[in-house]
Amino acid sequence: MKDCEKPHKEKECVFLLFRHALREVCVCACARARVNDHPGTKETRSAEAQQIHFSSDLVSGLVSFSTDSVCVKMKVMMMVCVIALWGAAGGARSCGESRRVYGEKHSLDTAPHARISGEHLRLCPRDYTCCSSVMEDTLARQSEADFLSAVRDTSQFLLTTFTQRHRKFDEFFQELLDVAEKSMNEMFTQTYGHLYTQNAHIFRQLFADLRRFYTGGTVSLSEVLADFWAGLVERMFSLVNPQYQFTEDYLVCVSKHAEQLQPFGDLPHKLHIQVSRALTAARALVQGLAAGRDIVNKATKLTVGSECVRALMRQWFCPLCHGSPSLKPCHSLCLNVMKGCLANEADLDTEWNNFIDALMLLVQKLGGPFHFELATDSIAVKVSEGIMYMQENSITVSAKVFQGCGIPRPTPARNKRSPRERDNGKPAFRTYSAEEKPTTASGTNLDRLVEELQERLRPMRGFWVALPHTICNDERMAADVTNEDRCWNGQTRGRYLQSVTADGLVNQINNPELEVDVARPDVKTRRLIMELRVAVNRLRLAQTGRDADFIDSDVEGGSGSGGAAEAGERFSDDWPGYGSFSPPRNTLPVDKPPRPRDRLRPRDMPTNKRNRLNGRSRSDAGRLSPALLSALLLLAVCFSLCL
């Protein structure tokens, strides 16, 4: 009777049960006859004759019935059993449940009502089946679509995070630049009045160049700031020396030697450090978030191979063809199928983790030593302090300029007076108190954005390796790991005995569920790995305050008329303490070697913006070297002694 457990043995099973029931009835009837058999009586012979007649009738087809009440009861019981068994066999052959599940998404035109021979099947076991060839092809396509949908749904968290955070950070950084420019314009208009409005184009150009750098333009921040301070020193030198007439060539000489003269002290260098670090980090972060979004988009656009489709069909829809549509694939079977189908994506894991780590560290720096909000707030303050410094040291600066560039011609019909004598001794420029420093209405929004992004980035590590587990842990995709004995093992209901393969393309050579070509890596995956490496390199450079597009010029740290210092120098009044992220304080004096005479500064390059606008090239003929300055001073002393 064990053969009755097999689905293709229903007919034989019913016949065996019928014969067994018939034998039991005969035995019972004979036993009844023997009990009533008394020698020498007519009743015994009559009962025996009746029993023989009854047995022969049963064998010949159960045409007649015995008048014996016990045998009648047994016959009724036998007929009920046979009818019940036959109905059960017919129910086992029905495909009603499979048809119901299949009909929820597809047409039932090709779905059989009862099991048919499975010789036509290409993907599922060729047993008695509830699937036609058309159904099998349709379910194979559905398995591919379900797989792609599962990958998209699982990766939606990544895509949403990168897209939304990119938009929020970009809008926030742009807003901070707008607020910084507006604050500077309002304060400088109030403080300097007409003098500022006459020269406001210098400041507008500064912010325009900063925006162009932030949005990805090929702009060097060192050159931008050098141009700004050079233009500012030309205008300031004319304002603090109104008793002289300065030609354009003379002002060019002044700006060329601004780095030596340091008319604004070390404030240009401090501003360069703050702005370049913060702006470079902000741009790198926004670019990194955009790169993450694009990489996830590309990685989840999968091309499903035929082997993968075959394996997906076997685990998800062969139970339906088997007549058990509610039976889920075993968890280990699902893992092997998913690891084989997602083998190339698992190879992204190492570079992906490096990418997430680099983003995390850069975000921490933006909330600490490279704080973008503090940097934009400091622009107006540092510029104002630089202007004040030049005014206070205008006599010394002017004397050095006159020695190197010559004595300019006096202004006709004007008295020679010092800047401090103008406007009743009121200084033309002033610095700002802490209460007047520019601030933004957004307050601590940057800190909140940083914290939210960190919380979302942490669970992204190891995403591609964990993707098969994430999909198979979904109760709609596979049976629970604790239900290994009551799941679909690829052939029938029972435990899945194969071991789960390791992650990555190379390890799929031993995958028991599908054949993977481990000797031919996926071209798209190799490209994504290269994109991740490029993104990681940019993020790591930004962590040190360097721009990947202008590494050489930014490392030099040149910034107009600022003091010379190494790129790692930290100014205590620029950055408050930020724990382990604070750059080391440079306690030793730094003696920067003189720049070679034949090396052009960034603002002297042929492609320099100011050179293009002014239509002139600046030669090094007027460079004021220390030796020449000493010689001129000695000559002046000798000339005065001779007089």
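Residue positions within a chain follow its written sequence, with the count starting from 1. With the structure being a predicted model, the display of local features is reserved for residues of pLDDT at least 70 and the display and counting of side-chain atom pairs for 80 or more, all residues being used for whole-chain, interface and lining totals. Heavy atoms throughout the structure, all of them, feed into the side-chain values; hydrogens and water do not.

### Considerations on the overall build of the protein
To keep things clear, this is the line we draw: The helix count covers DSSP runs of H or I at least four residues long, the strand count covers runs of E at least two residues long, and both are numbered beginning at the N terminus. Each residue is assigned to one of three classes by its accessible area relative to the maximum for its type, calculated with a 1.4 Å probe on protein chains only: buried under 20%, partly exposed between the two thresholds, exposed over 50%. Every accessible area reported is derived by Shrake-Rupley at a probe size of 1.4 Å, with residue values counting cover from the shown protein chains alone.
Within the protein one finds 24 helices and two strands. Going through the 643 residues of the protein one by one, you find that 47% of them count as buried. For the protein, the accessible surface area stands at approximately 32700 Å², while carbon and sulfur atoms represent 54% of it.

### With respect to the nonpolar core
Across soluble globular proteins, nonpolar side chains have a tendency to be buried as a group. This is how it is decided: Grouping buried Ala, Val, Leu, Ile, Met, Phe, Trp, Tyr and Cys residues that are joined through side-chain atoms within 4.5 Å yields what is termed a nonpolar core. Contacts between residues were defined by any pair of non-hydrogen atoms, one from each residue, lying within 4.5 Å.
Membership of the largest hydrophobic core comes to 134 residues, with the highest contact counts inside it found for Phe-147, Phe-162, Phe-173, Trp-352, Phe-355, Phe-372 and Val-383. At 20 residues, helix α5 (residues 133-192) tops the list of elements feeding residues into this core. With residues up to four places along the chain from it excluded, the contact list for Phe-372 reads Phe-173, Leu-176, Leu-177, Ala-278, Leu-279, Ala-282, Leu-366 and Leu-446.

### As for unusual backbone geometry
The residue Gln-262 is not glycine, and still its phi comes out positive at about 50 degrees. Note that Gln-262 resides in the loop between α10 (258-261) and α11 (267-299).

### Regarding the state of the cysteines
Convention followed: Cysteine sulfur pairs qualify as disulfides if the two atoms are within 2.5 Å.
Counted according to the given criterion, the structure contains seven disulfides. Shown here is the disulfide that connects Cys-131 with Cys-321, its sulfur atoms set 1.9 Å apart. Disulfide Cys-131-Cys-321: the torsion about the S-S bond is -90 degrees, which places it as left-handed. Here the residue Cys-131 occupies a position in the loop between α4 (96-103) and α5, and Cys-321 occupies one in helix α13 (residues 318-322), the gap between them amounting to 190 residues. Cys-321 matches Cys-131 in its accessibility class, with the two residues each being buried.

### Details of helix α21 (residues 523-543)
Applied cut-off: One fewer than the residue count of a helix, multiplied by 1.5 Å, yields its expected span.
With 21 residues, α21 should cover 30 Å at 1.5 Å per step; its first-to-last C-alpha distance of 31 Å lies within 8% of that length. Of the residues making up α21, those classed as buried are Thr-525, Leu-528, Ile-529, Leu-532, Ala-535, Val-536, Leu-539, Leu-541, Ala-542 and Gln-543. Just beyond α21, the residue with positive phi is Gly-545, at close to 80 degrees.

### Re empty space enclosed by the protein
Our working definition: Points on a 1 Å grid, built from protein atoms alone, make a cavity when a 1.4 Å probe fits but cannot get out and make a pocket when they are open with protein on both sides within 12 Å along at least 5 of 7 lines; residues with an atom within 4 Å of a point are the lining residues. Grid points are joined across faces, edges and corners, and a volume is the space filled by probe spheres set on the points. Nonpolar residues are Ala, Val, Leu, Ile, Met, Phe, Trp, Tyr, Cys and Pro. Charged residues are Asp, Glu, Lys and Arg, and all others, Gly as well, are polar.
Per the stated rule, a full pass over the model turns up six cavities of 30 Å³ or more. By volume, the largest cavity is sized at about 110 Å³. Lining the largest cavity we find 11 residues, and of these Leu-195, Asn-199, Phe-203, Leu-232 and Leu-239 sit closest to its centre. Elements with a contribution of two residues or more to the lining of the largest cavity: α6 (194-198) and α8 (221-240). With four residues, the single largest contributor to the lining of the largest cavity is α8. In the lining of the largest cavity, the residues fall into nine nonpolar, one polar and one charged.

### Focus on the environment of Phe-207
Position of Phe-207 among the secondary structure elements: in helix α7 (residues 200-214). Owing to a relative accessible area of 1%, Phe-207 belongs among the buried residues under this scheme. Between the C-alpha atom of Phe-207 and that of Phe-228, which follows or precedes it by 21 residues, the distance is 10.0 Å. Filtering out sequence-adjacent residues up to four positions away, Phe-207 remains in contact with Leu-177, Ala-180, Glu-181, Met-184 and Ile-379.

### Observations regarding the environment of Gln-315
Relative to the helices and strands, Gln-315 is located in helix α12 (residues 306-316). In this structure, the C-alpha to C-alpha distance between Gln-315 and Gln-491, residues 176 residues apart in sequence, is 9.0 Å. Setting aside anything within four residues of it in sequence, one finds Gln-315 in contact with Pro-329, Leu-333, Cys-334, Val-337, Met-338 and Trp-488.

### Points about the side chain of Arg-115
Put simply, the test is: Any N or O atom pair separated by 3.5 Å or less is treated as a polar contact, with the protein-specific requirement of one donor-capable and one acceptor-capable atom, and with residues adjacent in sequence counted only for side-chain atom pairs.
You can see Arg-115 is positioned in the loop between α4 and α5. Within polar-contact distance, the side chain of Arg-115 engages the backbone oxygen of His-322 at 3.0 Å.

### Regarding the pattern of salt bridges
This is how the line gets drawn: Salt bridge, as used here, is a side-chain nitrogen of Lys or Arg placed within 4 Å of a carboxyl oxygen of Asp or Glu.
What the rule picks out here adds up to 16 salt bridges. When the shortest N-O distance is used, the salt bridge between Arg-122 and Asp-137 registers 2.5 Å. Residue Arg-122 is found in the loop between α4 and α5, and its partner Asp-137 is found in helix α5; the two are separated by 15 residues along the sequence. On the basis of relative accessibility, which here comes to 29%, the residue Asp-137 falls in the partly exposed class. Glu-452 is the salt-bridge partner of Arg-165, the closest N and O atoms lying 2.8 Å from each other. In this pair, Arg-165 sits in helix α5 while Glu-452 sits in helix α19 (residues 445-457), placing the two residues 287 residues apart along the sequence. We classify Arg-165 as buried; its relative accessible area is 4%. Residue classification places Glu-452 among the partly exposed residues on the basis of a relative accessible area of 28%.

### A few points about the packing of α5 against α7
For any two helices packed against each other, one specifies the crossing angle of their axes together with the interaxial distance. Convention followed: Fitting a line to C-alpha atoms yields each axis, with helices limited to the stretch in contact; the angle taken between N-to-C directions then spans 0 to 180 degrees. For this classification, under 35 degrees means roughly parallel, over 145 means roughly antiparallel, 65 to 115 means roughly perpendicular, and everything else is oblique.
Between α5 and α7, whose axes approach to 11 Å, the crossing angle comes to 170 degrees. In this view, α5 runs roughly antiparallel relative to α7, as classed from their interaxial angle. Here Phe-169, Asp-170, Phe-173, Gln-174, Leu-177, Asp-178, Ala-180, Glu-181, Met-184 and Phe-188 of α5 lie close against α7, whose contacting residues are Phe-203, Arg-204, Phe-207, Arg-211 and Tyr-214. Taken together, the residues of the contact of α5 with α7 sort by class into nine nonpolar, one polar and five charged.

### Regarding the confidence of the model for the protein
As a reminder of what qualifies: For every residue, the predictor reports its confidence as pLDDT, a number between 0 and 100.
Summary statistics for the protein give a mean pLDDT of 74 and a share of 66% for residues scoring 70 or more. Mean pLDDT values for the elements of the protein range from 38 in helix α23 (residues 609-614) up to 96 in helix α20 (residues 463-472). Counting contacts from residues 1-15, a segment whose pLDDT is below 50, to residues more than four positions away or on other chains yields 13 contacts. Low pLDDT (under 50) marks residues 552-643, which in the prediction has 160 contacts with non-local residues, meaning those over four places away or in another chain.

### Remarks on the packing of aromatic side chains
Here is the rule: Any two rings among Phe, Tyr and Trp, with Trp reduced to its six-membered ring, count as a pair given centres within 6.5 Å; such a pair is stacked if its planes are under 30 degrees apart, edge-to-face if over 60, and tilted if neither. Over a ring means this: the NZ of a Lys or the CZ of an Arg is within 6 Å of the ring centre and within 35 degrees of the ring normal.
Enumeration according to the criterion identifies 21 aromatic pairs in this entry. Arranged with centres 5.2 Å apart and planes meeting at 70 degrees, the rings of Phe-228 and Trp-229 form a pair that is edge-to-face. Each member of the pair Phe-228 and Trp-229 is classed as buried. Cluster of aromatic residues (ring-pair linked, three or more members): Phe-188, Tyr-192, Tyr-196, Phe-203, Phe-228, Trp-229 and Phe-264. A cation sits over an aromatic face here: Arg-283 above Phe-213, 4.0 Å from the ring centre.

### Things to note about α11
Three- or four-residue spacings in an α-helix give side chains the same orientation, since the helix completes a turn every 3.6 residues. Compared with an ideal rise of 1.5 Å per residue, which puts 33 residues at 48 Å, α11 spans 47 Å between its outermost C-alpha atoms and is within 8% of the ideal. Burial analysis of α11 places 27 of its 33 residues in the buried class, which makes it a mostly covered element.

### Quick look at the environment of Cys-321
A relative accessible area of 2% places Cys-321 in the buried class. Separated by 192 residues in the primary sequence, Cys-321 and Thr-129 have C-alpha atoms spaced 5.3 Å apart. Ignoring sequence-local partners within four residues, the contact set of Cys-321 consists of Cys-124, Tyr-128, Thr-129, Cys-130, Cys-131, Leu-139 and Met-313.

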